[in-house]
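One letter stands for each residue in the lines below.
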Amino acid sequence: MIRVSALPQRLELAPGDAGLISVSITNTSQVIDQYSIAVFGIDPGWVNALNQPVSLFPGETETVMLDFQLPIDYPASIRPLTVSVSSADSPDHFELAHVELEITEATTTSVSVDPTMVTAGKSATFGLAVTNKGNAPVLARPFAIDPEDLAEFVIKPADVLVAPGRTQIVQIAASGGRSWFGMPRARTFTVGVEAESHVETMATFVQRPRISRWMLSLMGLLCAAAVFAF
């Protein structure tokens with residue numbers, strides 16, 4: 001016969017962290033026996049019994065420590081676990097203890113923009129990749145800022161819900177007035193999202209003038225030719 005108890009009955013862990021549960025085993029039989037522990041409800045590779053199996057005299061009690069180590073991307077959840085302690089002499093003799101494992105939320109959001117530079121006329125479109133590196137869904141609100149406050153932005157979608165380990169693409173279209181003549185003008189914007197924190201990166205819009213230098217040169221040549229012909 002066996003008597004088993006486990007403490008704490010609820011263990012709170014963040015992904016990537018380690019935690020311990022102590023399992024107290026008492027031999028209530030009249031003979032020396034050996035006991036082993038198994039944990040059901042979680043990947044066996046994520047839990048380690050530190051000092052098993054244990055051999056106990058009648059009436060003797062021993063504590064076995066269960067070391068839990070969860071992967072960094074383990075989803076936030078509450079997992080009911082069953083700790084089974086069985087006798088080596090009589091495998092049919094076993095006792096169960098129930099514990100709960102609470103995996104807390106851990107959200108980490110990153111952003112990148114592709115392409116980082118666009119050369120165009122009136123408008124340019126960028127793709128903002130929003131990646132959730134945590135273990136719980138993230139609601140992110142994209143933004144774009146022009147430090148000169150001259151450009152206008154159209155952002156689609158306005159909000160994105162990103163699942164753990166996934167990436168969502170947001171389209172950011174930038175537009176603004178451009179000069180008639182001269183060199184192309186580089187506009188640098190700040191783009192990013194507001195999620196569990198403020199995350200941002202940079203994008204550059206190289207805006208061509210309405211009439212480029214080569215067009216001016218061509219028009220000058222045509223005018224010179226017309227004058228010469230006249």
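From a predicted model like this one, the values you see are computed outputs, not experimental measurements.

Rules used in this analysis
- Residues numbered from 1 in each chain as written.
- Predicted model: local features only at pLDDT ≥ 70, side-chain atom pairs only at ≥ 80, totals over all residues.
- Heavy atoms only, no water.
- Pairing = 2+ DSSP bridges.
- Helix = DSSP H or I, 4+ residues; strand = E, 2+ residues; numbered from the N terminus.
- Axes fitted to C-alpha atoms, helices over the stretch in contact; angles between N-to-C directions.
- Salt bridge = Lys/Arg side-chain N within 4 Å of Asp/Glu carboxyl O.
- Buried < 20%, exposed > 50% of the residue type's maximum accessible area, 1.4 Å probe, protein only.
- Lys, Arg positive; Asp, Glu negative; His and termini not counted.
- Polar contact = N/O pair within 3.5 Å; in protein donor to acceptor, adjacent residues only side chain to side chain.
- Contact = heavy atoms within 4.5 Å.
- Core = buried A, V, L, I, M, F, W, Y, C linked by side-chain atoms within 4.5 Å.

(A) Examining the sheet that holds strand 17 (residues 185–194) more closely. The strand order 11-18-17-13-15 describes an open sheet built from 5 strands, whose pairing is mixed. Two strands close off the open sheet at either side, each with one partner strand: strand 11 (117–120) and strand 15 (160–162). Pairs of neighbouring strands in the sheet enclose a mean axial angle of 30 degrees, with direction left out of account. In this structure, strand 13 (residues 138–145) lies alongside strand 17, joined through 5 bridges in antiparallel fashion. Paired with Pro-142 across the strands is Val-193, a residue of strand 17.

(B) Structural view of the pattern of salt bridges. The tally for this structure, following the rule as stated, stands at 4 salt bridges. Notably, a salt bridge pairs Arg-10 with Glu-102, separated by 3.2 Å at the nearest N-O pair. You can see Arg-10 sitting in strand 2 (residues 10–13) and its partner Glu-102 sitting in strand 9 (residues 94–103), a full 92 residues away along the chain. Accessibility expressed as a relative area gives 21% for Glu-102, which makes it partly exposed. For the salt bridge of Glu-148 with Arg-185, the shortest nitrogen-to-oxygen distance reads 3.0 Å. Of the two residues, Glu-148 sits in the loop between strand 13 and strand 14 (152–156) while Arg-185 sits in strand 17, which places them 37 residues apart along the sequence. On the basis of relative accessible area, Arg-185 is assigned to the partly exposed category, the value being 36%.

(C) Quick look at the pairing of strand 7 (residues 61–69). As paired elements, strand 3 (residues 18–27) and strand 7 share 9 bridges and run antiparallel to each other. Its bridge partner being in strand 7, Val-23 is matched across the sheet by Val-64. For strand 5 (residues 47–49) and strand 7, the ladder comprises 3 bridges, and the chain directions are antiparallel. If you follow Val-47 over to strand 7, its bridge partner there is Phe-68.

(D) Summary view of the sheet that holds strand 12 (residues 123–132). In space, the 4 strands of this open sheet follow the order 10-12-16-14, with antiparallel pairing throughout. The open sheet has two free edges, formed respectively by strand 10 (109–114) and strand 14, since each of these has just one partner strand. Taken over all neighbouring pairs, the strand axes of this sheet differ in orientation by 25 degrees on average, direction set aside. Summarising the sheet, strand 10 and strand 12 pair through 6 bridges and their orientation is antiparallel. The residue of strand 12 that forms the bridge with Thr-109 is Asn-132.

(E) Focus on the side chain of Asp-33. Mapped onto the elements of the fold, Asp-33 is located in strand 4 (residues 33–40). Buried and without a salt bridge, Asp-33 has Arg-3 as its closest oppositely charged side chain, separated by 14 Å. Here Ser-87 takes part through its side chain, which lies 2.5 Å from a polar atom of the side chain of Asp-33. Residue contacts for Asp-33: discarding those within four places in its chain leaves Asn-27, Val-54, Ser-55, Leu-56, Ser-87, Ala-88 and Asp-89.

(F) Summary view of the side chain of Asp-146. You can see Asp-146 is positioned in the loop between strand 13 and strand 14. No salt bridge is formed by the buried Asp-146; its nearest oppositely charged neighbour, Arg-187, is found at 4.3 Å. Apart from the residues within four sequence positions on either side, Asp-146 is in contact with Ala-151, Phe-153, Arg-187, Thr-188 and Phe-189.

(G) Local environment of the nonpolar core. With 28 residues, the main nonpolar core has Val-23, Ile-25, Leu-66, Phe-68 and Leu-101 as its most contacted residues. Looking at this core, the element that brings in the most residues is strand 9, giving 4 residues. Apart from residues no more than four positions distant in its own chain, Ile-25 is found in contact with Ile-2, Arg-3, Tyr-35, Ile-37, Val-54, Leu-56, Glu-60, Thr-61, Glu-62, Val-64 and Val-85. Ranked by size, the runner-up nonpolar core spans 22 residues in total, among them Val-118, Leu-128, Ala-140 and Ala-203.

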